[in-house]
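Coordinate inspection notes
Residue-level listing of the chains:
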Amino acid sequence: MGSLAAVLRHPDDLYPLLKLKMASRQAEKQIPPEPHWAFCYSMLHKVSRSFALVIQQLGTDLRNAVCIFYLVLRALDTVEDDTSIPTDVKVPILIAFHRHVYDREWHFSCGTKEYKVLMDQFHHVSTAFLELGKGYQDAIEDITKRMGAGMAKFICKEVESIDDYDEYCYYVAGLVGLGLSKLFYASGTEDLAPDSLSNSMGLFLQKTNIIRDYLEDINEIPKCRMFWPREIWSKYVNKLEDLKYEENSDKAVQCLNDMVTNALMHVEDCLKYMSALRDHAIFRFCAIPQIMAIGTLALCYNNIEVFRGVVKMRRGLTAKVIDRTNNMTDVYLAFYDFSNILKPKINKNDPNATKTLSRVEAIQKACMDSGVLNKRLSYFSSYWPLFSLTSLPPEQASSRITTIFNLLPGPSIVRPIKCLP
Ligand code: D61
Ligand code: MG
């Protein structure tokens, strides 16, 4: 949908979208004068618009460390993701990558578009890395070393069991969580979070990406990449790629729902992690991607479009999340409301219906038990016009009910959202 049409359909997206546009212009203006830092920040904006915005809001020291942490791991991931590099070339680079960051002369050309620029001019990243404090450097080196070794292990090994899936996600995202927690601690503003919670923060984001990117990964040229674990998909089809064929639509959606249910397991840990944060900028940096993830899962659940094209949250809704996420109340409300979007999509004939429902209810209970939810109507309500009031089935009876139209992109979805008593 064109952006003008999108705004006409969702006029209340306009204000957060404009605010986001201004914030992003402002961020571009603040690019530092030194050429290596200028390169790093402009690269950050090019490779990750969403992370760039939240990183930009951190205090200077931590911001520089997180920016370099991101670019080093993005470069490592560019090597991992380039399916045209032969295994015997790729594996040693992944394993030695943590040493290359200390070497201003080192570079390896791979990837495409902005990723290729990052790889070709990696000396700017190593120059900036060498200016970071020793505590930050050590944390980045340690995570890069462990991630590179983990990626190398999985170049030669498929994701078979659910344990393999968790292990792979630990290497590529859980370790980012561990590293970030260390950087937050080193910055002096936060306690050191338990590793298991930091890991869950990464697993929840990575699993959401893996679910959403099914088609892109399976169609990867010259070689497809497969991250969905055999232990899950083999219950539905003989080959992972069979999920994309129309004749397997029912099985594909059941398998997708199984994957979403698996990802939802991490939510309670993520809520616990976020509730312990103290610094406002760090809190937003952590919470915004998590809310985007639960929103994406709500959108993907029971949605055959995952096997047909790209399923993404509307840009306007992303802008709203960035605008409206400031404290734990916002987070609980967002998780509660997005679970409420997923809940009515559960079909009782789905093989995992009971499991999914109990996951969703456990998440909603965790949000409710926080005790902050009855103070506000809904995450969306502060900027969603109240289109109409409707009644809900008795089991969902509530004193205030909002009907939210077209919350999600694509064909109109009209669902009653139970708001909080
Ligand atoms: C708090 C805030 C942000 C967090 C967090 C806790 C815990 C973990 C993460 C961010 C990492 C989440 C990764 C999810 C996105 N997945 C990818 O980008 C995949 O690559 C994984 C390896 C490189 C990780 C690079 C990274 C990502 C986010 C960061 C960061 C480093 C450093 C600081 C802050 C955020 C994925 O990439 C392809 C794609 O999705 O386009 C892949 O290859 O699987
Ligand atoms: Mg990768």
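Everything discussed here concerns the structure shown above.
Residues numbered from 1 in each chain as written. Chains lettered and ligands numbered in written order. Predicted model: local features only at pLDDT ≥ 70, side-chain atom pairs only at ≥ 80, totals over all residues. Heavy atoms only, no water.

1. Concerning the coordination of the magnesium ion (ligand 2)
- The protein atoms that coordinate the magnesium ion (ligand 2) are Asp77 (OD), Glu80 (OE) and Asp81 (OD), at distances of 2.0 to 2.2 Å.
- Each donor residue of the magnesium ion (ligand 2) lies on one chain, and together they are spaced D-x2-E-D. Here Asp77 and its partner Glu80 are both found in helix α5 (residues 60-81), three residues apart, which amounts to about one turn of the helix.
- With a relative accessible area of 15%, Asp77 lands in the buried category.
- Residue Glu80 is classed as buried on the basis of its relative accessible area of 1%. (Donors = N, O, S within 2.8 Å, 3.2 Å for Na, K, Ca; no water. Helix = DSSP H or I, 4+ residues; strand = E, 2+ residues; numbered from the N terminus. Buried < 20%, exposed > 50% of the residue type's maximum accessible area, 1.4 Å probe, protein only.)

2. What to know about the side chain of His45
- With respect to the helices and strands, the residue His45 is situated in helix α3 (residues 35-47).
- Dropping the residues within four chain positions of it, His45 is found in contact with Ala27, Ala52 and Gln56. (Contact = heavy atoms within 4.5 Å.)

3. A closer look at the site of ligand 1
- Near ligand 1, the surroundings consist of 18 residues, among which Arg74, Asp77, Asp81, Gln206 and Asn209 are the closest.
- The contact in question runs from an oxygen atom of ligand 1 to an N or O atom on the side chain of Arg74, over 2.7 Å.
- A distance of 3.0 Å separates an oxygen atom of ligand 1 from a polar side-chain atom of Asp77.
- Protein contact buries 90% of the 810 Å² of open area that ligand 1 shows by itself.
- If you list the elements that add at least two residues to the shell around ligand 1, you get α5, α10 (162-186), α11 (195-212) and α16 (280-300).
- The element contributing the most residues to the shell around ligand 1 is α5, with six residues.
- Looking at the shell around ligand 1 residue by residue, the classes come out as 11 nonpolar, four polar and three charged. (Near = heavy atom within 4 Å. Polar contact = N/O pair within 3.5 Å; in protein donor to acceptor, adjacent residues only side chain to side chain. Areas by Shrake-Rupley, 256 points an atom, 1.4 Å probe, with all protein chains shown as cover. Nonpolar A, V, L, I, M, F, W, Y, C, P; charged D, E, K, R; others polar.)

4. Thoughts on helix α8 (residues 122-129)
- Where burial is concerned, most of α8 is hidden: seven out of the eight residues are buried.
- Of all the residues in α8, the buried ones are Phe122, His124, Val125, Ser126, Thr127, Ala128 and Phe129.
- Close packing links the buried residues of α8 with α3, α5, α6 (87-100), α7 (113-120) and α9 (134-155).

5. Describing the pattern of salt bridges
- In this structure the tally under the stated criterion is 23 salt bridges.
- Asp323 serves as the salt-bridge partner of Lys19, at 2.7 Å between the closest nitrogen and oxygen. Of the two residues, Lys19 sits in helix α2 (residues 14-29) while Asp323 sits in helix α17 (residues 315-324), which places them 304 residues apart along the sequence.
- For Asp323, a relative accessible area of 16% gives the class buried.
- Between Arg74 and Asp77 there is a salt bridge, with its nearest N and O atoms 2.6 Å apart. Placement of both Arg74 and Asp77 in helix α5 is noted, with a separation of three residues, approximately one turn of the helix. (Salt bridge = Lys/Arg side-chain N within 4 Å of Asp/Glu carboxyl O.)

6. So, the packing of aromatic side chains
- What the rule picks out here adds up to 15 aromatic pairs.
- When the ring of Phe184 is compared with that of Phe285, the centres are 6.0 Å apart and the planes differ by 90°; the resulting orientation is edge-to-face. Within this pair, whereas Phe184 is found in helix α10, its partner Phe285 is found in helix α16, the two being separated by 101 residues in sequence. Each member of the pair, Phe184 as well as Phe285, carries the same accessibility label: buried.
- Among the aromatic residues, ring-to-ring pairing joins Phe154, Tyr168, Tyr170, Tyr171 and Phe227 into one connected group. (Phe/Tyr/Trp six-rings, centres within 6.5 Å; stacked < 30°, edge-to-face > 60°.)

7. What about the environment of Lys320?
- Locating Lys320 in the fold gives a position in helix α17.
- Residue classification places Lys320 among the buried positions, given a relative accessible area of 0%.
- Taking C-alpha positions, Lys320 is 8.8 Å from Leu20, a pair spaced 300 residues apart along the chain.
- Within the structure, Lys320 has its side chain in polar contact with the side chain of Asp13 (distance 2.9 Å).

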